[in-house]
Every structure is written in structure tokens, then in C-alpha cells.
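# Close look at the chain arrangement
If you want the building blocks of each chain, they are given just below.
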Amino acid sequence: MNLAAAIFLDGLIDASWLFIVAVGLTLVFGVLNILNFAHGSLYALGAYTAASAVGWYYGGNIGPAFLGYFVMLAAALVVAIAIGPLMERGLLRLFYRRDEVVLVLVTYALFLILEDATKLIWGVNPYYAYEPYGLLGDVSLFGLNYVAYDFALVGLALLTGVLLWLGLNRTITGKVILAVIHDREISGAMGVDVNRVFVLAFTFGVFLAALGGAFTAPKISVQPGISIAVILLSFAVVVIGGLGSVEGAAIAALIVGLARSAAIHLMPSAELFIVYLVMALVLALRPEGLFQRTTARKI
Amino acid sequence: MAGWLRTSAAALVCFVALVLLGRVLPNWFVLVATLAFAKGIVALGLVVLMRCGLVSFGQGIFFCTGAYAAGLTIRLLGLDDGVLLTALGGLLALILGLIIAPLLAGYRGIFFATLTLALSMIAYGILDKVSWLGGSDGFNLHAPSFVGYHPATPQDVSYAIFVLTSLATVVAAALCRIHFDSLRGLLSLAARDNEIRVEYLGASVRWVSGMNFAVAALLAGIGGALSALSLGHIDPDFAFWTTSGEFVFLAILSGYASVTAVFVASIIVELVRSYSSQYFPNTWQGALGLFLLLVILFLPQGLGSLLLVRRGKPKSQEVRAESGK
């Protein structure tokens, strides 16, 4: 019983940040048709910026402790506004007519460049932003002790998911974005400014990556290499859930989170490849992921 | 002169030139060229796949199959003949490819790419954890022999591996060229353009892509075995996604119009890598990324388009097929 609870709770916590990051990736794919390899680097940028900001905030005793969370949120926003429009308008725009595999390679090149840029700015030593982690105290569930921050992260993931769903389905801008996902050309013909939607969606995708990075920063040591682990995992989540599907990303994040935590508890050596095993199985049974219908796009 | 005769003659001339050059060039360059050719063979396999519109992000699975087949044969059976090991590496990768091909032949585009990626990462996970395969550290190989010839010095060993790799390279390149110009080879380009049309004309797209996948597997296995022999060391990174990504990089860089371009691209990349890791040790990855971006931006059809234009024959079948799109 304890083991099952531990697997479930660890999986849930793992799934929460994974969902935040992966849903950004899937949104960008849905709208721009780009499988963004650099998404992991944007996560890392968010984590580094948040770690620096948190260090500055608590180091100088600038304000009340709980405002640190808003500092992290602001860090993610800064990354999104600084990088998103620049990357989409300055670079990705040039490749839209090309094959989607070429676009994967373009973002792979960006990933390599951002990786080194991060090292140049922050160096190779790890950063710790532990202050916000302990702030909420501990909780006890099923006789297991957890840091309350972890569950706050689950709450943040739920909030992100709900807000994103409402934003996409209940606002005009959201419906315009859905229209572009459904058919780029017809939307353009109907008077939708597709370029604006692209910038908007991409910047929001960057924000989600940075948000995931910013709020996991207190849990981990922020150091080179975190981006690779994240991109591989969120890649798997997005493919399992169906490229471009928000609901799919949620379910798939949960599946991947649970599979990973089950592997860690039961068979630690399988942690790495269980994710890919799940991905291969899902793809073999449902080639376009679990939620393929929501991604109705023309070829 | 018939096309295949001309190609074979060109291949023979290339091989002789390479063997002679290998004697003159400095040892470090011979090492770089060996590795570049070995990786070029794998990329050539990807080019074969790309001609029918498929890109595999998981050639690492065949690359590591070839490498581990060669390595384990040396370690467990004590056989160390370079030619035999290379053939064995290719054969085992081909068998694996033929097993996987029917599973994958129905997939297209990004799904094909991600599924191959997943398969190669599963292979990576297994190699990383199974201790009798060397675990995450891998294992070292001692120098191979060559049909009874046991090279004495390290220089002789690297030269012998270079000659073997050159031989495999020109044979693979010539066969691919002949295949590309054949009716069967041109069918791939047709499938890339319009699968439904090809099906209606009576050919099977599944069969075409399956066969191309098997050829790509064979070439990746050969390249893997040669890389293992040349490096003298094997580890699970042979199956890691960065390795597979490198092959895609090479294939995109060279384009699918020219076979020679694959190996030219491979040597350029290997040189860029070794120079930039020497002169900008902290930013060489970024330099490689920038190089990749520039090539994709300014050479959409890859280096191969450059070679064809220079030769002044834009009327070759591929280019016509491409401009007809």
C-alpha cells in the first residue's frame, strides 16, 4: 500500500512539471508545426534566470519571503518576452516553407547554440535556489512525508492546464489559435493575421517552458545538461499524447510520470528506457498518439 | 559507356587515389578521414531513406548493432579479422533492419522519425545497463588483423583501417549511385513525390520504403563496425540520440542529389568539429550549430546541389524530379 502510494504521488509530482513543459511544446507544434528541440534549452534558461533572480531576491532581503514565487514567475515572463518573438521572427520564420524534419534540425542547431550561450552566461557550476522550496512546510500523506512545494507544483500544473483550456476554448484569441491549428491557409483567407498568431503561440510556448524551468529550479541543482533530459522526456510526452493535443499532453504526462516513478521504485535500472518503451508501444498501436483527433490538420 | 561501367571506373580511380593519399597525408588526417568515411557510410544509408521521403532519427540502433557485433566477436570469440568483422556488423544490422522494417514501413514523416528515435533509445537503455555488454563505460578493442596481415605499429593499423574503410566507402557509394539511377531506385523519388500515384501505377510504396530501410540498416551496421575498429572503443553512446542526430545532420547537409557529397560533407564536418573543439573548446557545439543553420539557410538542397551545378549538368534525373515538384 505504501509503495503504491509512493509510486502514485511521486508520479503525480513528476507529471506536474512535465505537463507544464510538454504542453508548451505541443502548443508550438500544433500552431507552427515545429517540433522544437530547443524547448529544453528554454526550460534551462527559465531555470537559470529564476535561480539567479531568487538568489538576488533572498540574498538582499528585498521583500517578504512568499513574494519569491512571483519573482520566479517574473523570471519566466522575462525569458519568454526576450526570447520568444526574437526566435520566431528572427529565425524560425525563414524556414516555414521547408520540410518539418528540416525544422527539427534547425531547432536542434538552436539547441546547440543556446546550450553554449547558457554556459557562457552562467558558467558550468550548479546554481541552487532552495529558499522557495521549504517555504510551504511539509505535508504527510498515507504515512509518507512530502515537501508541500511539490504539491503546489501539482496545483500549478492543474491551474496551467485549466487556464490554457479556457483560454483556447472560451476566448476569441484562443479560438483564432484553434482555427490556425486546424487550417492555417483557410484562417489566413478569413482574415486571421497568421503571423501574429505564430508569434503569440510561440512566445507562449517559450513562457510555458521557462515556467516549468523556473518552478522546478528550487527542486534541482541548476546545471548544464538539464535541458537534454527535459527535452527527451517532454518529447516522449508530446508524442504519446498526440502532437498538438493539450488533453493528450496531460494524460501522457501522467502516464510518463507514473511509469518513471514505478520504474524508480521497482526497477531503477529501467528508468531511462521505460519512457521510450511506452512511447514505442503507443506509437505501434496508435501511430499518431493517444489523442490524434484533436490535431486534425491537412497534409 | 554504360552508366554503371563509368561509375565503377570512377570508384576504382577514387579507391586507388585514396590508398595513395593515405600514405602521404599526416596520420591525424588519416584518422579523421577514416571516422568521417565510416560515418559517411551511415549517412549514405540515410540518404537512401531520404530519397523515398523518410528520415530516421534512430540510425544509432543499427550503428551500435554493427559496432557491438564487431566488438563482441573480438571479445568473446577472439576473431579479429577486420574484413570479417565489418561484414558481420553489416549483416547483423541488416537482419535487425529486416525484422523492424515491416513494423515501420507504414509510418511517415515525423512519426517515422520519432518511432525510430524511440527504438534507438531503447537500445541505448539496454546497452547502458547490461553489464556483460560493457555497461555505460563500454569496452576497448585490440587492433584487428586484415586477412592474415598483422600491422605492427599503430600507424600501420590506422592506415590499414583507412584502406578498409575507403574500400567499403567506394563500393557503397558506387552501388548506391548505380541503384539510384536504376528504375527501382527512381521509384523511391516517385514515392517521395506522390505515394498514391505510385501505388496506382502498380508499385508498392511499403515495399520500396521497407527495402530502403533495410539498405540503410546494412550501411549503418558497416559504418558502425568500421567506427568501432577505428576508435578502438565502444560505448552505449553509439546508440544515443546525439549520434543519430549527427547522421541526419550529415544527410541533410549533403542532400540526396549526389553520393560524393555525403563523404565531402562528412569530412568537412569532422574537420569543423576537430578544429573548433581545438580553438573554441567551450563554444564548439554552438559553432557547429551555427554552421548547420547557415547550411540549411543558404544551401537548401545540401552540398550536393553545389557539386551538380558546378558540373553544369542540372539535367540529371534527380534535379529534374526535384524541379518538377
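In this text, all values refer to a predicted model and were calculated from it rather than measured experimentally.

## Here we look at the overall build of chain B
Per the secondary structure count, chain B includes 14 helices and 2 strands. What you see for chain B is a C-alpha radius of gyration of 19 Å, in line with the 20 Å of a compact globule of 325 residues. C-alpha extents for chain B along the principal axes are approximately 55 × 45 × 40 Å. Residues classed as buried in chain B amount to 54% of the 325 residues present. Excluding contacts between residues fewer than 6 apart, the proportion of contacts in chain B whose partners are at least 24 apart in sequence is 82%.

## Comments concerning the overall build of chain A
Broken down by element type, chain A carries 12 helices and 2 strands. Ordered by position from the N terminus, the helices and strands of chain A form the series α-α-α-α-α-β-β-α-α-α-α-α-α-α. At 19 Å, chain A has a C-alpha radius of gyration in line with the 19 Å of a compact globule built from 299 residues. When burial is assessed residue by residue, chain A has 48% of its 299 residues classed as buried.

## A word on the pairing of strand β2 (residues 144-147) of chain A
Residues and elements named next belong to chain A. Pairing geometry for strand β1 (residues 138-141) and β2, over 4 bridges, is antiparallel. Paired with D138 across the two strands is V147, which belongs to β2. Counting the residues between successive antiparallel strands, the hairpin from β1 to β2 contains 2 residues, one of them, F142, with a positive phi of roughly 50°.

## With respect to the interface of chain B and chain A
Counting from both sides, the interface comprises 32 residues of chain B and, opposite them, 28 residues of chain A. When residues of the side of chain B that touches chain A are traced back to their parent elements, those giving at least two are α5 (109-129), α10 (241-254) and α12 (284-298) of chain B. Take the side of chain B that touches chain A: its biggest share by element is 14 residues, from α5 of chain B. When grouped by side-chain class, the residues that make up the side of chain B that touches chain A number 21 nonpolar, 9 polar and 2 charged.

## Side note on the confidence of the model for chain A
All names here are of chain A. Predicted confidence across chain A gives a mean pLDDT of 85, with 97% of residues reaching 70 or more. Mean pLDDT across the secondary structure elements of chain A bottoms out at β1, with 77, and peaks at helix α9 (residues 194-216), with 91. Across residues 294-299 the pLDDT falls below 50, and counting only partners more than four positions away or on other chains, this stretch makes 11 contacts in the model.

## Re unusual backbone geometry
Look at N33 of chain A: it is not a glycine, yet its phi comes out positive at around 65°. Assignment of secondary structure puts N33 of chain A in the loop between α1 (2-32) and α2 (39-59).

## Some remarks on helix α6 (residues 148-170) of chain A
Residue pairs spaced three or four apart in an α-helix point in one direction, given the helix's 3.6 residues per turn. Residues and elements named next belong to chain A. Taking 1.5 Å as the rise per residue, α6 with 23 residues should run 33 Å; its terminal C-alpha atoms sit 32 Å apart, in good agreement. Residues Y149, D150, L153, A157, T160 and L164 constitute the buried set of α6. On its buried face, α6 sits against α1, α5 (131-134), β2, α9 and α11 (246-266).

## Quick notes on the packing of helix α3 (residues 68-90) of chain A against α9 of chain A
Residues and elements named next belong to chain A. Contact geometry for α3 and α9: axes closest at 7 Å, N-to-C directions at 145°. α3 and α9 meet at a crossing whose hand is right-handed. Facing α3, whose interface residues are M72, A75, A76, L77, V79, A80, I83, G84, P85, E88 and R89, α9 presents F198, V199, F202, T203, V206, F207, A210, L211, A214 and F215. Within the contact of α3 with α9, the residues separate by chemical class into 17 nonpolar, 2 polar and 2 charged.

## Considerations on the confidence of the model for chain B
Looking at chain B as a whole, the pLDDT averages 84, with 94% of positions reaching at least 70. In this model residues 313-325 of chain B is a low-confidence stretch, pLDDT under 50, and it forms 15 contacts with partners more than four residues away in sequence or in other chains.

Cut-offs and rules
Residues numbered from 1 in each chain as written. Chains lettered and ligands numbered in written order. Predicted model: local features only at pLDDT ≥ 70, side-chain atom pairs only at ≥ 80, totals over all residues. Helix = DSSP H or I, 4+ residues; strand = E, 2+ residues; numbered from the N terminus. Rg over C-alpha atoms; globule rule 2.2 N^0.38 Å. Buried ≥ 20, exposed ≤ 12 C-beta atoms within 10 Å, placed from the backbone. Contact = placed C-beta atoms within 7 Å. Pairing = 2+ DSSP bridges. Nonpolar A, V, L, I, M, F, W, Y, C, P; charged D, E, K, R; others polar. pLDDT = per-residue confidence, 0-100. Expected span 1.5 Å × (residues − 1). Axes fitted to C-alpha atoms, helices over the stretch in contact; angles between N-to-C directions. Left-handed = near helix turned anticlockwise from the far one by under 90°.

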